[in-house]
Amino acid sequence: MKKIIYILFLLILTSYLYADKIFFTRGSADFNEIALSFDDGPGLNTKELLKILDKKNVKATFFLLGTSIVKRPKLVKEIYNKGHELANHTYNHINFYKYKEEDKEEKIKEELLQCQDLIKSITGYRTKLVRFPYGYFKDDAIDIAKDSNYKIVNWTFGIDWEKEVSYEDMLNLYLENVKPGTIFLMHDLHKNPVIIKILPLLIDKIKEKKYNIVTVGEMINKRVKEK
Ligand SMILES: [Zn+2]
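What comes next concerns the included structure. Since this is a predicted model, take the numbers as computed values, not measurements. (Residues numbered from 1 in each chain as written. Predicted model: local features only at pLDDT ≥ 70, side-chain atom pairs only at ≥ 80, totals over all residues. Heavy atoms only, no water.)

**Comments concerning the coordination of the zinc ion**
Next, step 1: Looking at the zinc ion, the protein donor atoms are Asp40 (OD), His89 (NE2) and His93 (NE2), and they sit 2.0 to 2.1 Å from it.
Next, step 2: In primary sequence terms, the donor set of the zinc ion follows D-x48-H-x3-H. Residue Asp40 is found in the loop between β2 (33-39) and α2 (46-55), and its partner His93 is found in the loop between β4 (85-88) and α5 (104-123); the two are separated by 53 residues along the sequence.
Next, step 3: Overall, Asp40 belongs to the buried group, its relative accessible area being 13%. (Donors = N, O, S within 2.8 Å, 3.2 Å for Na, K, Ca; no water. Helix = DSSP H or I, 4+ residues; strand = E, 2+ residues; numbered from the N terminus. Buried < 20%, exposed > 50% of the residue type's maximum accessible area, 1.4 Å probe, protein only.)

Structure below.
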């Protein structure tokens, strides 16, 4: 019973948030589109990822982290110059589900703004997309996003952080989730040979299934326009 109430609550919450067009975990089910998103970078996997994306002629969305940006500003510029989408993943990767200080609201705003300013100062680009660390999307974050004209974008499926999963299983798990509007989550901060290995295959399979790979922004904007 408890579980049913919880699921109902989630459904109501999700429909409310969709109607408000602030929070997304996927795109429209009406289009054969997939978005690839990479969090926490730029990092040790980014160069290799950019090479793969270039080779496959695919644009992705990078949810950049402030502390990574300051370490590798040139890579931020490179991601941008290659035509990929830049998005905000805050500055310090604070887990706001666990943040108990009184200045929480201020802190969320500050984290958002600090990362935004960095991206802007390096590329001149002002992103409208944020993914809070750990997918945080409580009311305070939704309100701040709304006020700052941001959309919060979480993900439909991701598993690349699981160390125990083999290449094959990981590829298959991503493939099982190739559905209209899926937003895939992967990470590029740490060196992760699994991602480098499966990404080319994943992209080929997605294309074979007649899906277009688009950026998160393209996917979300389409959804917003439809409504
Ligand atoms: Zn993250």
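Having put the structure on the table, let's press on.
**So, the environment of Gly135**
Next, step 1: Position of Gly135 relative to the elements: it lies in the loop between β5 (129-130) and α6 (139-147).
Next, step 2: Classification of Gly135 by relative accessible area gives buried; the value is 3%.
Next, step 3: C-alpha of Gly135 to C-alpha of Trp155: the two residues are 20 residues apart in sequence and 8.2 Å apart in space.
Next, step 4: Those residues within four positions of Gly135 in sequence are excluded, and the remaining contacts are Tyr97, Asn154 and Trp155. (Contact = heavy atoms within 4.5 Å.)

**Some remarks on the nonpolar core**
Side chains of nonpolar character tend, in soluble globular proteins, to be buried together.
Next, step 1: Residues Leu36, Phe38, Leu53, Tyr174, Leu199 and Ile206 are the most contacted members of the largest nonpolar core, which totals 39 residues.
Next, step 2: No other element matches the seven residues that helix α8 (residues 193-208) contributes to this core.
Next, step 3: Phe38 has contacts with Leu49, Leu53, Ala60, Thr61, Phe62, Phe63, Met186, His187, Asp188 and Leu199, leaving out every residue within four places of it along the chain. (Core = buried A, V, L, I, M, F, W, Y, C linked by side-chain atoms within 4.5 Å.)

**Description of the pattern of salt bridges**
Next, step 1: If you walk through the whole model with that rule in mind, you get eight salt bridges.
Next, step 2: Between Lys47 and Glu78 there is a salt bridge, and its shortest N-O distance comes to 3.0 Å. On the criterion of sequence distance, the pair formed by Lys47 in helix α2 and Glu78 in helix α4 (residues 73-81) is long-range, its members being 31 residues apart.
Next, step 3: Taking the relative accessible area as the measure of exposure, Lys47 reaches 47% and is therefore partly exposed.
Next, step 4: By relative accessible area, Glu78 is classed as partly exposed at 24%.
Next, step 5: Glu106 is the partner of Lys109 in a salt bridge, and the nearest nitrogen-oxygen pair spans 3.8 Å. Separated by three residues within a single helix, Lys109 and Glu106 lie in helix α5, roughly one turn from each other.
Next, step 6: Residue classification places Lys109 among the partly exposed residues on the basis of a relative accessible area of 36%.
Next, step 7: Judged by its relative accessible area of 49%, Glu106 is partly exposed. (Salt bridge = Lys/Arg side-chain N within 4 Å of Asp/Glu carboxyl O.)

**Considering a negative patch on the surface**
Next, step 1: Residues Glu105, Asp139, Asp143 and Asp147 make up a contiguous surface patch of negative charge.
Next, step 2: With three residues, α6 is the single largest residue contributor to the negative patch.
Next, step 3: Checked against the element boundaries, Asp139 lands in helix α6. (Patch = residues over 30% accessible without salt bridge, like charges linked within 9 Å, V, L, I, M, F, W, Y side chains within 5 Å. Areas by Shrake-Rupley, 256 points an atom, 1.4 Å probe, with all protein chains shown as cover. Lys, Arg positive; Asp, Glu negative; His and termini not counted. Charge placed at Lys NZ, Arg CZ, Asp CG, Glu CD.)

**Thoughts on the layout of surface pockets**
Next, step 1: Reported here for the largest pocket is a volume of approximately 240 Å³.
Next, step 2: Looking at the largest pocket, the residues that line it are Asp40, Asp160, Trp161, Glu162, Lys163, Val165, His187, Leu189, His190, Lys191, Asn192 and Val194.
Next, step 3: In this structure, the second largest pocket encloses a volume near 190 Å³.
Next, step 4: For the second largest pocket, the full set of lining residues is Asp39, Asp40, His89, His93, Phe132, Pro133, Tyr134, Gly135, Trp155, Trp161, Leu185 and His187.
Next, step 5: Across the lining of the second largest pocket, the residue classes break down as six nonpolar, four polar and two charged. (1 Å grid on protein atoms, 1.4 Å probe; cavity = no way out; pocket = protein on both sides within 12 Å on 5 of 7 lines; lining within 4 Å. Points joined across faces, edges and corners; volume = space filled by probe spheres on them. Nonpolar A, V, L, I, M, F, W, Y, C, P; charged D, E, K, R; others polar.)

**Overview of the pairing of strand β8 (residues 182-187)**
Next, step 1: Among the six residues that make up β8, six are buried, leaving the element largely enclosed by the rest of the structure.
Next, step 2: Burial of β8 is two-sided: the residues Thr182, Phe184 and Met186 facing one way and the residues Ile183, Leu185 and His187 facing the other way are all buried.
Next, step 3: Pairing between β2 and β8: six bridges, direction parallel. Paired with Ala35 across the bridge in β8 is Ile183.
Next, step 4: Looking at chain direction, strand β7 (residues 157-158) and β8 are connected through two bridges and run parallel. (Pairing = 2+ DSSP bridges.)

**Brief notes about α5**
Spacing of three or four residues puts side chains on the same side of an α-helix, whose turn is 3.6 residues.
Next, step 1: Relative to the 28 Å expected for 20 residues at 1.5 Å per residue, α5 spans 29 Å between its end C-alpha atoms, a close match to the ideal helical length.
Next, step 2: Turning to α5, its buried residues number three or more, namely Lys104, Lys107, Ile108, Glu111, Leu112, Cys115, Gln116, Leu118, Ile119, Ile122 and Thr123. All buried residues of α5 lie within an arc of 160° about the axis, which places them on one face of the element.
Next, step 3: Turning to α5, the residues buried within the fold contact β3 (61-64), α3 (66-69), α4, β4, β5 and α6.
Next, step 4: Looking one or two places after α5, you find Gly124, whose phi comes out positive at around 80°. (Expected span 1.5 Å × (residues − 1). Arc of directions from axis to C-beta.)

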